[in-house]
Amino acid sequence: MFSRNNIQHRILLVDDDASQITILNKVLKAIGQIFFEQNGLAALEQAIKIRPDVILLDIDMPGLNGHQVLAQLKDNDFTRNIPVIFITSYDSVEDQLLCLREGAVDFIAKPLQPDIVAARVITHLMLRNRERELLEVYRHAQVTLDSIGDAVITTDKDARVTFMNPTAELMTGMSLNDAMGRFIEEVMPLRIGNDGPPHINPVRICIQENRVVGMAINCQMMKQNGHWISVEDSAAPLKSQDGDVIGSVIVFDDINESRAMALKMSHTLQYDQLTNLPNRFLLMERLNVEVARSQTSNEKIGLILFDIDRFKLINEEFGFEFGDALLKKIAPRIKSQLQNNETLSRHNADEFMVLVPKLKHPSDLANLAVMIRDHVMALTALHPEINNFSISMGLSVYPEDAVDAQSLMLHADAALHRAKTDAMHEGFCFYSEEMESRFISRRQRYMQLKSAIVDDDVVALYQPIVDAHTGHLKAVEALMRIKENDGSLIPPIEFIPLAEETRLIIPLGEKMIQLAFEQLNRWCGEQLNIRMCLNISPVQFLDPHFVPFLLKTIDEYHVSPNMIELEVTESLMLDNLPQVIRDMEQLRVMGISISIDDFGTGFSCLSYLKELPVDVLKIDKSFVSQLSVEKPDEILVKTITTLAQSMGLKSIAEGVESLDQARRLKELGVSYLQGFYFSRPVTANEVRDRYDI
């Protein structure tokens with residue numbers, strides 16, 4: 001039920017000897033994700049940051065030695081339970097006992113035997129998994145007992161209380177501390193009916209007869225304040241592994257509270273908890289009713305879908321409490337403009353929808369939307385700290401825009417999407433046939449991308465990258481294409497944005513990596529020294545499974561990491577920069593090069609560039625094209641080239657389309673050239689034919 005089979009184990013290696021780290025990385029990379037440090041202080045910081053599943057710790061290190069690092073790990077709440085395996089050349093009984101007394105779980109003597117190291121690490125990872133599973137089961141059980149609406153009490157075999165959940169404490173009026181060790185009759189006295197005789201507690205019978213026992217139908221329980229309430233319950237024996245009765249559990253409920261809870265749950269299922277407005281499910285019920293009524297009355301129905309622009313940024317800047325308070329202010333402002341039996345509902349975090357029945361003219365819907373927007377926008381006077389506060393809205397009308405309730409909501413959402421993405425609509429858009437066509441086209445493209453993954457319709461083309469000084473082929477950039485049914489290829493501009501938005505770029509990118517590595521393996525087998533450059537989407541790079549997949553695929557296709565270069569865009573640096581740097585460093589240690597693609601067109605902050613472990617800057621083709629005019633503008637190209645040289649980086653100019661551009665880029669000191677002047681993206685065989693390799 002709480003399986004952790006898919007967990008990616010994290011292993012931290014701490015050793016000042018780089019050769020030892022190399023050996024351990026080679027042995028353990030198939031077991032988990034490897035991190036490493038070469039000094040004790042950094043190891044402690046890294047352990048707190050990544051929470052590894054096991055630490056392999058060398059004893060002899062400069063600064064803090066292994067014993068001191070272990071002591072600090074044990075003193076820290078976040079790291080004290082992480083298993084530590086000492087690695088050392090000290091193998092005497094005294095040394096081993098010292099390590100184990102200090103808290104290490106194992107001891108591996110040098111020189112290292114790879115099979116023994118792997119076996120011991122796997123053993124401790126299995127123990128770690130078992131510990132986690134037991135802890136997770138306990139936590140789930142504790143949360144379940146604490147959160148369920150029924151009262152739960154457990155006893156020992158003498159019917160003395162051993163546990164009560166919060167509901168039981170509330171219903172009996174006695175805390176767990178006060179109830180512990182008391183007989184069940186002291187905690188929950190029972191009687192039959194009003195002023196009836198005492199009722200034996202079912203716990204007694206279930207323990208004596210080893211069976212499940214129910215309470216009498218008309219049973220009442222006295223709370224500690226003397227108040228009697230009607231309850232229903234059942235008790236069951238708790239048994240040991242051998243089948244012996246070791247106690248009991250009784251589950252009971254206040255019948256009156258159960259009825260109240262049923263009403264509350266019904267309200268919860270139909271209303272938003274923050275604003276107390278109808279939710280999407282209740283709105284859909286009312287919309288279906290109105291559609292059925294409209295089919296006989298021939299009346300129109302209008303929908304207005306509101307969305308607060310950049311609401312996620314508001315939450316990030318001011319906090320979720322501020323965002324919730326803002327939503328609670330917006331809801332009554334919208335509602336104050338409704339006067340004709342309209343229904344206002346809240347859907348997602350920042351989305352509201354207004355159902356307008358008996359709509360006479362679509363222009364009435366537009367007028368209402370404008371009134372609501374103006375009234376909501378007046379909030380800016382109360383919250384001047386929110387910069388550029390705005391809302392967008394999409395409108396749809398039944399029956400003109402849809403045949404049923406579901407499609408009417410989808411079309412309002414489509415109109416909203418267009419209002420947000422197309423500036424010409426200024427945040428306000430009706431649904432139309434043109435939009436429907438775009439929606440269908442987008443859905444068809446989405447299904448085509450999903451099919452391409454399953455049907456192996458992902459195609460790899462390669463564009464050569466040549467040495468600016470010799471003209472010799474040095475590398476190729478692998479470029480993704482999707483095969484149409486007629487055999488033609490879909491250019492990336494027509495599917496990459498959608499793939500990134502829907503996260504299909506992750507499986508598509510994995511297919512592309514496999515194709516590129518398969519080709520690289522062939523070239524290496526033919527003794528061809530051609531580097532493979534791969535574009536990696538920010539969505540894919542930030543996915544937690546990307547680095548493990550990449551390392552696994554390198555092993556599967558037997559390619560050298562030194563022959564691989566990953567191209568990432570500057571936009572990647574806007575999200576989770578520490579993780580990006582950590583992953584890049586891990587890849588570069590293995591020999592993989594990192595290139596910043598389209599450099600100069602995005603974030604372009606020198607402070608982050610100085611921190612990033614990169615090897616290459618790719619000059620965007622828009623800068624290269626400036627070299628073609630009569631008075632060429634060389635400033636940006638020259639600046640980027642000089643920057644790369646000063647930082648010890650290589651540079652690649654994209655979009656080279658003429659001999660003059662190639663010559664000038666060479667004079668400016670660009671390392672490599674790429675563009676149509678040398679070759680368009682072609683198949684692997686065409687690369688061979690064109691460059692006679």
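Up top you'll find the structure we're talking about.
Thresholds applied
- Residues numbered from 1 in each chain as written.
- Predicted model: local features only at pLDDT ≥ 70, side-chain atom pairs only at ≥ 80, totals over all residues.
- Heavy atoms only, no water.
- Helix = DSSP H or I, 4+ residues; strand = E, 2+ residues; numbered from the N terminus.
- Rg over C-alpha atoms; globule rule 2.2 N^0.38 Å.
- Contact = heavy atoms within 4.5 Å.
- Core = buried A, V, L, I, M, F, W, Y, C linked by side-chain atoms within 4.5 Å.
- Buried < 20%, exposed > 50% of the residue type's maximum accessible area, 1.4 Å probe, protein only.
- 1 Å grid on protein atoms, 1.4 Å probe; cavity = no way out; pocket = protein on both sides within 12 Å on 5 of 7 lines; lining within 4 Å.
- Points joined across faces, edges and corners; volume = space filled by probe spheres on them.
- Nonpolar A, V, L, I, M, F, W, Y, C, P; charged D, E, K, R; others polar.
- Right-handed = clockwise from strand over helix to strand, strands pointing away.
- Pairing = 2+ DSSP bridges.
- Axes fitted to C-alpha atoms, helices over the stretch in contact; angles between N-to-C directions.
- Salt bridge = Lys/Arg side-chain N within 4 Å of Asp/Glu carboxyl O.
- Parallel < 35°, antiparallel > 145°, perpendicular 65-115°, else oblique.
- Left-handed = near helix turned anticlockwise from the far one by under 90°.
- Phe/Tyr/Trp six-rings, centres within 6.5 Å; stacked < 30°, edge-to-face > 60°.
- Lys NZ or Arg CZ within 6 Å of the ring centre and 35° of its normal.
- Polar contact = N/O pair within 3.5 Å; in protein donor to acceptor, adjacent residues only side chain to side chain.

Participant: Would you explain the overall build of the chain in this entry?
Facilitator: A tally of regular secondary structure across the chain gives 26 helices and 26 strands. For 693 residues, the compact-globule estimate of 2.2 N^0.38 gives 26 Å, and the C-alpha radius of gyration of the chain, at 34 Å, exceeds that figure by more than 25%. Overall, the chain is about 105 × 90 × 50 Å in size when its C-alpha atoms are taken along their principal axes. Summarising the internal contacts of the chain: among those between residues at least 6 apart in sequence, 61% fall at separations of at least 24.

Participant: Hey, could you run me through the nonpolar core in this one?
Facilitator: Side chains that are nonpolar tend, in soluble globular proteins, to be buried together. If you look at the biggest cluster of nonpolar residues, it comprises 78 residues, and the most contacted ones within it are Leu 534, Leu 566, Met 584 and Leu 673. At nine residues, the largest contribution of residues to this core is made by helix 18 (residues 505-525). Of all hydrophobic cores here, the second largest spans 32 residues; its members include Ile 330, Ala 331, Leu 338 and Ile 391.

Participant: Is there a simple way to think about the environment of Leu 64 in this case?
Facilitator: For Leu 64, the location among the structural elements is in the loop between strand 3 (54-58) and helix 3 (66-75). The class of Leu 64 is partly exposed, set by a relative accessible area of 23%. For the pair formed by Leu 64 and Cys 429, sequence separation is 365 residues and the distance between their alpha carbons is 65 Å. The residues touching Leu 64, leaving out its near neighbours within four places in the chain, are Gly 40, Leu 41, Val 69 and Gln 72.

Participant: Hey, could you run me through the layout of surface pockets in this one?
Facilitator: It is a probe the size of a water molecule, rolled over the atoms, that shows where empty space is left. The computed volume of the largest pocket comes to approximately 1,100 Å³. Looking at the lining of the largest pocket, the elements that each hand over two or more residues are strand 19 (473-483), helix 17 (496-502), helix 18, strand 21 (531-535), helix 19 (538-541), strand 22 (564-569) and strand 23 (593-599). No other element matches the five residues that strand 19 contributes to the lining of the largest pocket. A per-class count over the lining of the largest pocket returns 16 nonpolar, nine polar and 11 charged.

Participant: Would you mind showing me how to read the pairing of strand 1 (residues 10-14) here?
Facilitator: Across a regular strand the side chains alternate sides, sitting on one face of the sheet and then on the other. Counting buried positions along strand 1 gives four out of five residues, so the element sits mostly inside the fold. You can see the chain leave strand 1, run along helix 1 (residues 18-28) and come back into strand 2 (residues 33-37), and the turn it takes is right-handed. Pairing of strand 1 with strand 3, which is carried by four bridges, proceeds in the parallel orientation. Note on strand 3: the bridge partner recorded for Leu 12 is Ile 55.

Participant: I'm lost on the sheet that holds strand 15 (residues 351-359) in this one. Help?
Facilitator: By definition, the strands of a sheet pair up through backbone hydrogen bonds, in either a parallel or an antiparallel sense. Taken in spatial order, the five strands make up an open sheet running 14-15-13-16-17, and their pairing is mixed. Looking at strand neighbours, the two that pair on one side only are strand 14 (343-346) and strand 17 (428-430), the edges of this open sheet. For this sheet the average axis-to-axis angle between neighbouring strands, irrespective of direction, equals 15°. The sheet contact formed by strand 14 and strand 15 spans four bridges and is antiparallel. Pairing of Leu 344 across the sheet is with Val 354, part of strand 15.

Participant: Would you mind showing me how to read unusual backbone geometry here?
Facilitator: For residues other than glycine, phi is negative in most cases, and the peptide bonds are mostly trans. For the bond from Lys 110 to Pro 111, the omega torsion is 0°, close enough to zero to count as cis. Of note, the amide linkage connecting Tyr 398 to Pro 399 takes the cis form, showing an omega dihedral of 5°. Phi is positive for Arg 310, which is not a glycine, with a value near 55°. When you line up the elements, Arg 310 lands in the loop between strand 13 (300-308) and helix 12 (311-318).

Participant: In this structure, what is going on with the sheet that holds strand 4 (residues 84-88)? I would like to understand it.
Facilitator: Pairing within the open sheet is parallel, and its five strands lie in the order 2-1-3-4-5. A strand with exactly one partner marks an edge of an open sheet, and here the two such strands are strand 2 and strand 5 (106-109). On average, each strand axis in the sheet is tilted by 20° relative to the strand beside it, whichever way the strands run. Set on the sheet, helix 1 makes contact with strand 1, strand 2, strand 3 and strand 4; between it and strand 1 the angle comes to about 165°.

Participant: When you look at the pattern of salt bridges in this model, what are you seeing that I'm missing?
Facilitator: Note on pairing: side chains with opposite charge can pair once their charged atoms come close. Using the criterion set out here, one finds 26 salt bridges in the structure. Across the pair Glu 185 and Arg 204 runs a salt bridge, and its minimum N-O distance is 2.8 Å. Taken as a pair, Glu 185 in helix 8 (residues 184-187) and Arg 204 in helix 9 (residues 202-209) lie far apart in primary sequence, 19 residues in all. Residue classification places Glu 185 among the partly exposed positions, given a relative accessible area of 32%. For Arg 204, a relative accessible area of 25% puts it in the partly exposed group. Overlapping salt bridges bring together Glu 477, Glu 567, Lys 618 and Glu 654 as one network.

Participant: Looking at this structure, how should I read the packing of helix 11 (residues 280-297) against helix 15 (residues 405-421)?
Facilitator: Angle between the axes and distance between the axes: these two values describe a pair of packed helices. Across the interface, helix 11 lies against helix 15 with an axial gap of 9 Å and an inter-helix angle of 120°. With respect to their mutual orientation, helix 11 and helix 15 come out oblique. Remark: the crossing between helix 11 and helix 15 carries right-handed chirality. In contact with Arg 280, Leu 283, Met 284, Leu 287, Asn 288 and Val 291 of helix 11, helix 15 contributes Ala 405, Gln 406, Leu 408 and Met 409. When its residues are assigned to classes, the contact of helix 11 with helix 15 shows seven nonpolar, two polar and one charged.

Participant: It is not clear to me how the packing of aromatic side chains should be interpreted in this structure. Could you clarify?
Facilitator: Note on aromatic pairs: each is described by the distance of the centres and the angle between the planes. A full pass over the atoms with the stated rule returns five aromatic pairs. Ring plane angle 80° and centroid distance 6.3 Å describe the contact between Phe 428 and Phe 430, whose orientation is recorded as edge-to-face. Residue Phe 430 is classed as partly exposed on the basis of its relative accessible area, which comes to 29%. In this structure, Arg 280 is placed above the aromatic ring of Phe 281, and the distance from its NZ or CZ to the ring centre is 4.8 Å.

Participant: Help me understand the packing of helix 3 against helix 4 (residues 93-102) in this model?
Facilitator: At a closest axis distance of 10 Å, the pairing of helix 3 and helix 4 adopts a crossing angle of 20°. One element, helix 3, and the other, helix 4, form an angle in the roughly parallel class. For the crossing formed where helix 3 meets helix 4, the hand is right-handed. Between helix 3, through His 67, Leu 70 and Lys 74, and helix 4, the contact on the second element is made entirely by Leu 98, Cys 99 and Glu 102. Within the contact of helix 3 with helix 4, the residues separate by chemical class into three nonpolar, one polar and two charged.

Participant: In this structure, what is going on with the side chain of Gln 586? I would like to understand it.
Facilitator: Structurally, Gln 586 can be placed in helix 21 (residues 577-590). A polar contact of 3.4 Å, which involves the side chain of Gln 586, links it to the backbone oxygen of Ile 34. Dropping the residues within four chain positions of it, Gln 586 is found in contact with Gln 33, Ile 34, Val 547 and Leu 551.

Participant: Just checking my understanding: could you explain the pairing of strand 11 (residues 228-239) for this structure?
Facilitator: For strand 9 (residues 213-214) and strand 11, the ladder comprises two bridges, and the chain directions are antiparallel. When the sheet's bridge partners are listed, Gly 214 is paired in strand 11 with Ser 234. Sheet topology note: the strand 10 (residues 219-222)/strand 11 ladder contains three bridges and is antiparallel. Its bridge partner being in strand 11, Met 222 is matched across the sheet by Trp 228. Taking the residues that link successive antiparallel strands as the turn, the strand 10-strand 11 hairpin has five residues, and the phi of Gly 226 there is positive, at about 90°. Where strand 11 meets strand 12 (residues 245-254), nine bridges bridge the pair, whose relative direction is antiparallel. Bridging across to strand 12, Lys 239 finds its partner in Val 245. In this antiparallel pair of consecutive strands, strand 11 and strand 12, the connection spans five residues, and Gly 243 shows a positive phi of 95°.

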